[in-house]
Amino acid sequence: MTTEEKLKHFLDTCMEDARTRSSRMLDEYTAALEKSFEEHQQDAKRRAQMQVRQETEKIERDFNKQLSLAQLEQKRALGRRQEELKEKLFEELSERLADYRKTPEYQKQLKRQIQAAFDFARGEELVIYLDPSDEDKQKILEQEYPQAQIKLSDYAFSGGMRAVISGRNILIDNSFDTRLAEAKENFHFDLRMMADKAESGGNSLEGRA
C-alpha cells in the first residue's frame, strides 16, 4: 500500500469515526431535547390544570358569594314585605274592633269580662277600669254591678277592660291594646300556605297567630 493509499485510508477512517461520533452526539442531543420538551409539556400541562382548577374554584367562590348575597337580599325583601302586610292587616283589625265596639255584643263582652274578674277576685276588693271612650257604658255597668268600683282609665287602651285586685297585687288586663299587641307579636305568615295559594292562582294572604 502506497503512502497516498495509507493517507486516504487514514482519512476515511477518521471521517467515519467523526461521522459515527457526530451521529451519536446528535442522537443524544435530540434525545435530551425531546426529554426537555416532554418535561416542559408536562410542566405546562400541570400549570394549565392548576390554573384551570384555581379559576374554577374562584368562579365557584364568586358564584356562591353572589348567590348568598342574592338569597340574603331576597330574605330581606320578603321580611320587609311581610312587615308591610302585617301592619296593614293589624290596622284593618283595629278598624274592625272599633266597629265592634259600637255593637251590643261589645257591651255583653264587657259584662262577661267583669263577671270573670269578680269570680277570680273571690270577694276581694276589685277596681274595674274602662277605656275613656266607653264613658257611655259606665253607668249601665255600675247598675249591673253595684258592688263594683267601675272607673274610667286615665289612659286609652282601645276598648276592653282592666281590673286591679290590690290585695293580691294582681292586674287583669283584657284591654284590646294588649290583646292586639300579643297577637301581633305571635303572628307569622304561613309561607307554605302562601306558596300553595300562589300555585293555585289565589291572591289572598294567610297568617297565623
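Counting restarts for each chain: residues are numbered from 1 in the order of the written sequence. This being a predicted model, a pLDDT of at least 70 is required before a residue's local features are given, and a value of 80 or more before pairs of side-chain atoms are given or counted; all residues contribute to the totals for chains, interfaces and linings. To obtain the side-chain values, all non-hydrogen atoms of the structure were used and water was disregarded.

### Side note on the pattern of salt bridges
Whenever a carboxyl oxygen of Asp or Glu lies within 4 Å of a side-chain nitrogen of Lys or Arg, that contact is scored as a salt bridge. Counted by the stated rule, this structure contains 17 salt bridges. The salt bridge involving Glu84 is made with Arg81; its shortest N-O contact spans 3.3 Å. Residue Glu84 and its partner Arg81 are both found in helix H1 (residues 3-100); the two are separated by three residues, about one turn of the helix. Under the scheme applied here, a residue whose accessible area is under 20% of the maximum for its type counts as buried, over 50% as exposed, and between as partly exposed, the area being computed with a 1.4 Å probe on protein chains only. On the basis of relative accessible area, Glu84 is assigned to the partly exposed category, the value being 47%. One salt bridge in this structure joins Glu105 and Arg112, with 3.1 Å as the shortest N-O distance. Only DSSP runs of H or I covering at least 4 residues are called helices, and only runs of E covering at least 2 are called strands; the numbering of each starts at the N terminus.

### Digging into the packing of aromatic side chains
In this description, a pair of aromatic rings is defined by centroid distance and the angle of the planes. Two rings from Phe, Tyr or Trp (for Trp, the six-membered ring) form a pair when their centres are within 6.5 Å of each other. A pair whose planes differ by under 30 degrees is stacked, one over 60 is edge-to-face, and the rest are tilted. What the rule picks out here adds up to five aromatic pairs. Ring centres of Phe90 and Phe187 lie 5.7 Å apart, and the angle between their planes is 90°; on these two criteria the pair is classed as edge-to-face. Of this pair, Phe90 sits in helix H1 while Phe187 sits in the loop between helix H4 (176-186) and strand E5 (188-189); the two residues are 97 residues apart in sequence, bridging distant segments of the chain. In this pair, the class of Phe90 matches that of Phe187, namely buried.

### What to know about the nonpolar core
We call a set of buried residues a nonpolar core when its members are Ala, Val, Leu, Ile, Met, Phe, Trp, Tyr or Cys and they connect through side-chain atoms within 4.5 Å of each other. In this structure, Ile114, Ala117, Leu126, Ile128, Ile150, Met161 and Ala163 are the most contacted members of the largest nonpolar core, which totals 18 residues. For this core, the elements supplying multiple residues, two or more each, are helix H2 (104-121), strand E1 (127-130) and strand E3 (160-165). Ranked by residue count, the leading element in this core is H2, at six residues. In this structure, Ala117 is in contact with Leu126, Ile128, Met161, Ala163 and Ile172, ignoring residues within four places of it in sequence. Counting five residues, the second-largest nonpolar core is a separate cluster that includes Leu85, Phe90, Leu180 and Phe187. The contact rule is simple, with two residues in contact once any of their heavy atoms fall within 4.5 Å.

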